[in-house]
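# Close look at the chain arrangement
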Amino acid sequence: METPVLGFEPRCPHLFNTNSRPSSSLPASTLSVRTLTAATVVKSPATVVVVAEAPRTKPHSKSFLTRKSAISEIEQSPDFLSSLQRLSRVLKVQDLNVILRDFGISGRWQDLIQLFDWMQQHGKVSDSTYSSCIKFVGAKSVSKALEIYQSIPDESTKTNVYICNSILSCLVKNGKLDSCIKLFDQMKRDGLKPDVVTYNTLLAGFIKVKNGYPKAMELVGELPHNGIKMDGVMYGTVLAICASNGRCEEAESFVQQMKDEGHSPNMYHYSSLLNSYSWKGDYKKADELMTEMKSVGLVPNKVMMTTLLKVYIKGGLFERSRELLSELESAGYSENEMPYCMLMDGLSKTGKLEEAMTIFDDMKAKGVKSDGYANSIMIAALCRSKRFEEAKQLARDSETTYEKCDLVMLNTMLCAYCRAGEMESVMRMMKKMDEQAVSPDYNTFHILIKYFIKEKLHLLAYQTLLDMHSKGHRLEEELCSSLIYHLGKIRAHSEAFSVYNMLRYSKRTICKDLHEKILHILIHGKLLKDAYVVVKDNAKVISQPTLKRFCKAFMVSGNINLVNDVLKVLHGSGHKIDQVQFEIAIARYISQPDKKELLLQLLQWMPGQGYVVDSSTRNLILKQSHLFGRQLIAEILSKHHIVSRTMVRSRSELKFSRGQRGR
């Protein structure tokens, strides 16, 4: 099996471990593709070291020069497949892998795919072929990379750790973490022996995942079973996960653990630990950490100082925050707007809008480079303070100043225009988003729907909600409930029911009042079949008066074929059906003799549930008994009479018993 030298991505422990330094005998400039093809790879469970050969004293062989020339000719040929066909006899698999990687590095994606297909057809593939191809193809198309992985015919090749690491890395980089974990579990079942790179790859995916800490710890728990020890890289990743999940105590524990194991924390580790303190604004621990870091000879860099600023702001230490901002300016670390944005945001969210505006004006006066985020923060702050005219003006200034804006900025400006009631500006912003091919997110839809409801554009709000739902965004119950109410008011009953269903099927428990609200709307709109669906699923949480109203409406004009079903559902929910409803239902059946079976089923069902027909309904049935069979009707009504007498006797006995107890 070919050693996957060219496809290997060397880890860089010296970036995370102060005890490790790059080899002075192998400078980065010498690690070209050609050098690596002539290198030796030394592997251990935790490290991979590329050792260059000693300088050659003899000229290259004729075979080597021929292969080298063939590689160059194929890569430079306008029709590389023809050249490949002609020169294939002199090339080895590793030579084809060199071409494959060169195509990937130079972005020749289609050529790479064609070459890979040719190599497969001619049986000239190795583990390194799959690893490299997946890596480069995955940067362009995750589905194609997965297709290549799944097409590997040999199971042992499929669980090769380098190949597995390539496809897992591809999934992580493309945000497909759930799919990545499922595939990893399958790989382990199939025989994969994961290495430290595997776990570093997977853990890196959890850094920006909400509530990703527990799953990340499951992976860390697997390490001892696979004979893997955490290295500086992994500690850095785990600390970043702790920081992104606000787990400062756990982060402290991991830092202590790495020290106990002989690792020296570096700037990256300290930065992550400091970031974990920002969740609660624990400035005391932050200051202690900065002191410790300086004591081991580490000088705070831009990231550390900016993170410390974040801690101070969260802790409400605005005076110290201003002092630190001045230090950042003196050190040349405030050339962009981020530190100013952090302080402005913190001040504005604690009601210190004027102070935030002072920082904003100061930043502009100093000519600090801005991409518009500072404007975005101030627009949002002005909106929160209901200073809509100022927010609108700043939004217009931002539109003029920044030709291209990201989604956060566009949403902020859109919100300002909506709050100010500027319909023309709202439409302009929506058009700009289309022109810049910016896809709306949850916030965009939420802003627009609230605005359209406020402007009484309820059908437009409904269409926007449909679009939001089709894009897979979560629906907010309060917003949907408001839209349902307003759609009901304008008699858009079907649209209101559509919103209700979208919310209902979003796999969440919704407020029971919403079932009653939609039921009233459907009854009013005479959408009784839809109303029956609501009742059937939620009868036990709907009030008795509303159920009674529904029952009456359905008996009068609902689908006659469902009348018996409706009565059974209502009875099953504990609702007591009164005589009026039975009389209406029976009268409808009698008026349609072809519904004879439904009438007979209803009359036979009633006595068993404690219901009987009253005298007027009985007389109505007897008058038309020739249509339904006199003998059968007589037998059924006889049962009703017996049950009626029993019920009267029971009531009399109960009344007598209560009278006796009263004496």
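Nothing here was measured: the structure is a model prediction, and the numbers come from that model.

Another point: helix α22 (residues 388–401). When the terminal C-alpha atoms of α22 are compared, their 20 Å separation across 14 residues agrees well with the 20 Å that a helix rising 1.5 Å per residue should span. Here α22 has its buried residues at Ala391, Lys392, Leu394, Ala395, Ser398 and Glu399. Buried residues in α22, looked at end-on, bunch into an arc of 165 degrees, giving them a common side. Opposite the packed face of α22, turned more than 90 degrees from it, sit the exposed residues Glu389, Thr400 and Thr401. Against α20 (353–365), α21 (373–384), α23 (407–419) and α24 (423–435) lie the buried residues of α22.

This brings us to the packing of aromatic side chains. Under the defined criterion, the tally for this structure stands at 9 aromatic pairs. Geometrically, the ring pair formed by Phe80 and Phe103 is edge-to-face, given 5.1 Å between the ring centres and 75 degrees between the ring planes. Placement of Phe80 in helix α3 (residues 80–87) and of Phe103 in helix α4 (residues 93–105) is noted, with a sequence separation of 23 residues between them. For Phe80, a relative accessible area of 4% translates into the label buried. Residue Phe103 is classed as buried on the basis of its relative accessible area, which comes to 1%. Judged by centre distance (5.9 Å) and plane angle (20 degrees), the ring pair of Phe497 and Tyr500 falls under stacked. Taken as a pair, Phe497 and Tyr500 lie in helix α28 (residues 493–504) at a separation of 3 residues, close to a single helical turn. With a relative accessible area of 0%, Tyr500 lands in the buried category. Connected via pairs of aromatic rings, a cluster forms that spans Tyr532, Phe550 and Phe554. A cation over an aromatic ring shows up here: Arg428 above the ring of Tyr417, its NZ or CZ 5.6 Å from the ring centre.

Here we come to the environment of Leu177. Mapped onto the secondary structure, Leu177 falls in helix α10 (residues 177–190). Here the alpha-carbon distance between Leu177 and Gly205, two residues 28 residues apart in the chain, equals 6.3 Å. Those residues in contact with Leu177 that sit more than four places away from it in its chain are Leu171, Val172, Leu202, Gly205, Phe206 and Val209.

Looking at the secondary structure, you find Val90 in the loop between α3 and α4. C-alpha of Val90 to C-alpha of Thr66: the two residues are 24 residues apart in sequence and 7.4 Å apart in space.

Moving on, we come to the UniProt feature "repeat: PPR" (unreviewed entry) in the chain. As annotated by UniProt and renumbered to match this structure, "repeat: PPR" (unreviewed entry) occupies residues 160–194, 195–230, 231–265, 266–300, 336–370 and 406–440. Along residues 160–194, the helical share is 77% and the strand share 0%, with 9 Å between the first and last C-alpha atoms.

A word on the pattern of salt bridges. Counted under the stated rule, the structure contains 27 salt bridges. For Glu319, the salt bridge is made with Arg322, and the minimal N-O distance between the two is 3.5 Å. Of this pair, Glu319 and Arg322 both sit in helix α18 (residues 318–330), 3 residues apart, roughly one helical turn. A relative accessible area of 51% means that Glu319 is categorised as exposed. A relative accessible area of 24% means that Arg322 is categorised as partly exposed. If you follow the salt bridges from partner to partner, you end up with Glu389, Lys392, Arg396 and Glu422 in one network.

Here helix α14 (residues 248–260) is 13 residues long and its end C-alpha atoms lie 18 Å apart, about the 18 Å a rise of 1.5 Å per residue gives. Those residues of α14 that sit buried are Cys248, Ala251, Phe254, Val255 and Met258. The buried residues of α14 occupy an angular sector of 115 degrees when the element is viewed end-on, so they sit on one face. Of the exposed residues in α14, the ones pointing more than 90 degrees away from its buried face are Glu249 and Asp260. On its buried side, α14 packs onto α12 (213–222), α13 (232–244) and α15 (267–277). Gly262 lies just past α14 and shows a positive phi near 95 degrees.

The rules we used
- All residue numbers refer to position in the chain's written sequence, counted from 1.
- For a predicted model such as this one, the threshold for reporting local features is a pLDDT of at least 70, and the threshold for listing and counting side-chain atom pairs is 80 or more; totals across whole chains, interfaces and linings nevertheless cover every residue.
- Heavy atoms throughout the structure, all of them, feed into the side-chain values; hydrogens and water do not.
- We count a stretch as a helix when DSSP gives it H or I for four or more residues in a row; a strand needs E for two or more, and each element gets its number in order from the N terminus.
- The length a helix should cover is 1.5 Å for every residue beyond the first.
- To sort residues, take the accessible area from a 1.4 Å probe on protein chains only and compare it with the maximum for the residue type: under 20% means buried, over 50% means exposed, and anything in between is partly exposed.
- What the arc covers is the set of directions going from the helix axis to the C-beta atoms.
- Throughout, a contact is declared for two residues whenever any of their heavy atoms are within 4.5 Å.
- Here is the rule: rings of Phe, Tyr and Trp (six-membered ring for Trp) pair when centre to centre is within 6.5 Å. Planes less than 30 degrees apart are stacked, more than 60 are edge-to-face, and the remainder are tilted.
- Our definition puts a charge over a ring when NZ of Lys or CZ of Arg is within 6 Å of the ring centre and also within 35 degrees of the ring normal.
- UniProt positions are given in the numbering used here, feature names are shortened, and annotations may be inferred rather than shown by experiment.
- Note on definitions: salt bridges are taken to be side-chain nitrogens of Lys or Arg within 4 Å of carboxyl oxygens of Asp or Glu.

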